[in-house]
Amino acid sequence: LVTEERALPAETSDGHKLSFLANADSPEEVTKALENGAAGIGLFRTESVFLRRNRIPKEEEQFEEYKAVVEAASPLPVPIRTLDLGGDKVLGSDSREKEDNPFMGFRAIRFCLRNRDVFLTQLRAILRASAFGQLKIMFPMISGLGEMLSAREVVEEAKRQLAERGQEFDAETPI
């Protein structure tokens, strides 16, 4: 934004106040959004962490990025969306089949629940980052109660694993 426009209040001409939240793909985007007047972060898209590498990153790699995001947004909370791969966003897309309707098929939470080890690794990394600031966990493309309950069960498993390792995390991280 032009500097003069950035300094203007976020409100309509009749005085209705607005609050703009930014979606981000990296810690740098979080910082830039807040510097440019965003009231906070509306969503951190974790698939970018995977797509930039074109592979499934290790827990430590994910943790470092999520921690940097949370610290960049501090003291504001960051909703971190779990992996939304599938459909139009695939790793190593040359070897994957194209879906007829990629926006509704095997993606997001369905991909995560079918690839539980990938999901657990990501959830442990997200939960570990919760020890460094406020974050919330968001599951993408939930289509029913069963998916939500299954996803929450995996979160509880990730918490148990972290507790067994003696690693810090916020046990009350909102979902």
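Check the entry above for the structure.
What counts and how
Sequence order as written defines residue numbering, which begins from 1 separately in each chain. Two thresholds apply to this predicted model, a pLDDT of at least 70 for residue-level local features and 80 or more for giving and counting side-chain atom pairs, whereas whole-chain, interface and lining totals are computed over all residues. Think of the side-chain values as coming from all heavy atoms in the structure, minus any hydrogens and water. Only DSSP runs of H or I reaching four residues or more are called helices, and only runs of E reaching two or more are called strands; each is numbered from the N terminus. Working definition: with a 1.4 Å probe on protein chains only, accessible area under 20% of the residue-type maximum means buried, over 50% means exposed, and in between means partly exposed. Two residues form a contact once any of their heavy atoms are found within 4.5 Å. Two strands pair under a simple rule: DSSP has to find at least two bridges between them. Seen with its strands pointing away from the viewer, a crossover is right-handed if its path from the first strand over the helix to the second goes clockwise. We count a salt bridge whenever a side-chain nitrogen from Lys or Arg sits within 4 Å of a carboxyl oxygen from Asp or Glu. For this analysis, a ring pair means two rings from Phe, Tyr or Trp (six-membered ring only for Trp) whose centres lie within 6.5 Å, classed as stacked if their planes differ by under 30 degrees, edge-to-face if by over 60, and tilted for the remaining angles. Interaxial angle, 0 to 180 degrees, is taken between N-to-C directions of lines fitted to C-alpha atoms, where a helix line uses only the stretch in contact. The term nonpolar core refers to a set of buried residues drawn from Ala, Val, Leu, Ile, Met, Phe, Trp, Tyr and Cys, joined through side-chain atoms within 4.5 Å.

In this section: the overall build of the protein chain. Looking only at helices and strands, the protein chain has seven helices and four strands in total. Reading the secondary structure of the protein chain in the N-to-C direction produces α-β-α-β-α-α-β-α-α-β-α. For the protein chain, with 175 residues in total, the buried portion stands at 40%. When contacts within the protein chain are restricted to residue pairs at least 6 apart in sequence, those whose partners lie at least 24 apart make up 64%.

Residues of strand S1 (residues 21–24) alternate between two faces, with Ala-22 and Ala-24 buried on one and Leu-21 and Asn-23 left unburied on the opposite face. Relative to strand S2 (residues 40–45), S1 is paired through four bridges, and the arrangement is parallel. Bridge pairing links Ala-24 to Phe-44 in S2. Taking the sense of rotation as the criterion, the β-α-β connection linking S1, helix H2 (residues 27–35) and S2 turns out right-handed.

Below, the discussion takes up the pattern of salt bridges. Overall, the coordinates contain 15 salt bridges when judged by the stated rule. In this structure, Lys-17 and Glu-11 form a salt bridge, with 3.0 Å as the shortest nitrogen-oxygen distance. A salt bridge links Arg-128 to Glu-59, with the shortest nitrogen-to-oxygen separation between them at 3.1 Å. With Arg-128 in helix H6 (residues 116–129) and Glu-59 in helix H4 (residues 59–73), the pair connects residues that are 69 residues apart, well separated along the chain. With relative accessibility at 9%, the residue Arg-128 sits in the buried group. By relative accessible area, Glu-59 is classed as buried at 11%.

The next thing to look at is the pairing of strand S4 (residues 135–138). Burial of the side chains of S4 is restricted to one face: Leu-135 and Ile-137 are buried, whereas none of Lys-136 and Met-138 on the reverse face is. With four bridges connecting them, strand S3 (residues 78–81) and S4 associate as parallel partners. Each bridged residue has a counterpart across the sheet, and for Pro-79 the counterpart in S4 is Lys-136.

Right, let's talk about the packing of aromatic side chains for a bit. For the coordinates displayed, the defined rule picks out three aromatic pairs. Measuring from centroid to centroid gives 5.9 Å for Phe-63 and Phe-132, while their planes differ by 55°, and the two rings are tilted. A residue pair is termed long-range when its members are at least 10 positions apart, and Phe-63 in helix H4 and Phe-132 in the loop between H6 and S4 qualify at 69 residues. Their ring planes at 65° and their centres at 6.1 Å tell us that Phe-119 and Phe-139 sit as a pair that is edge-to-face. Of this pair, Phe-119 sits in helix H6 while Phe-139 sits in the loop between S4 and helix H7 (145–165), and the two are 20 residues apart along the sequence. As far as burial versus exposure is concerned, Phe-119 and Phe-139 are alike and both buried.

Pairing is parallel across the open sheet formed by four strands, whose spatial order is S1-S2-S3-S4. With partners counted over all chains shown, the strands left at the sheet margins are S1 and S4, one partner each. Each strand axis lies, on average, 20° off the axis of its neighbour in the sheet, ignoring direction. Packing of H2 onto the sheet brings it into contact with S1 and S2, and relative to S2 it is tilted by some 160°. Sitting on the sheet, H4 is in contact with S2, S3 and S4, with an inclination near 155° to S3.

Let's shift gears to the nonpolar core. Phe-44, Tyr-66, Ile-80, Phe-119, Leu-123 and Phe-139 are the most contacted members of the largest nonpolar core, which totals 37 residues. Looking at this core, the element that brings in the most residues is H6, giving eight residues. Aside from chain neighbours lying at most four places away, what touches Tyr-66 is Phe-44, Thr-46, Val-49, Phe-50, Ile-80, Gln-122, Ala-125, Ile-126 and Ala-129.

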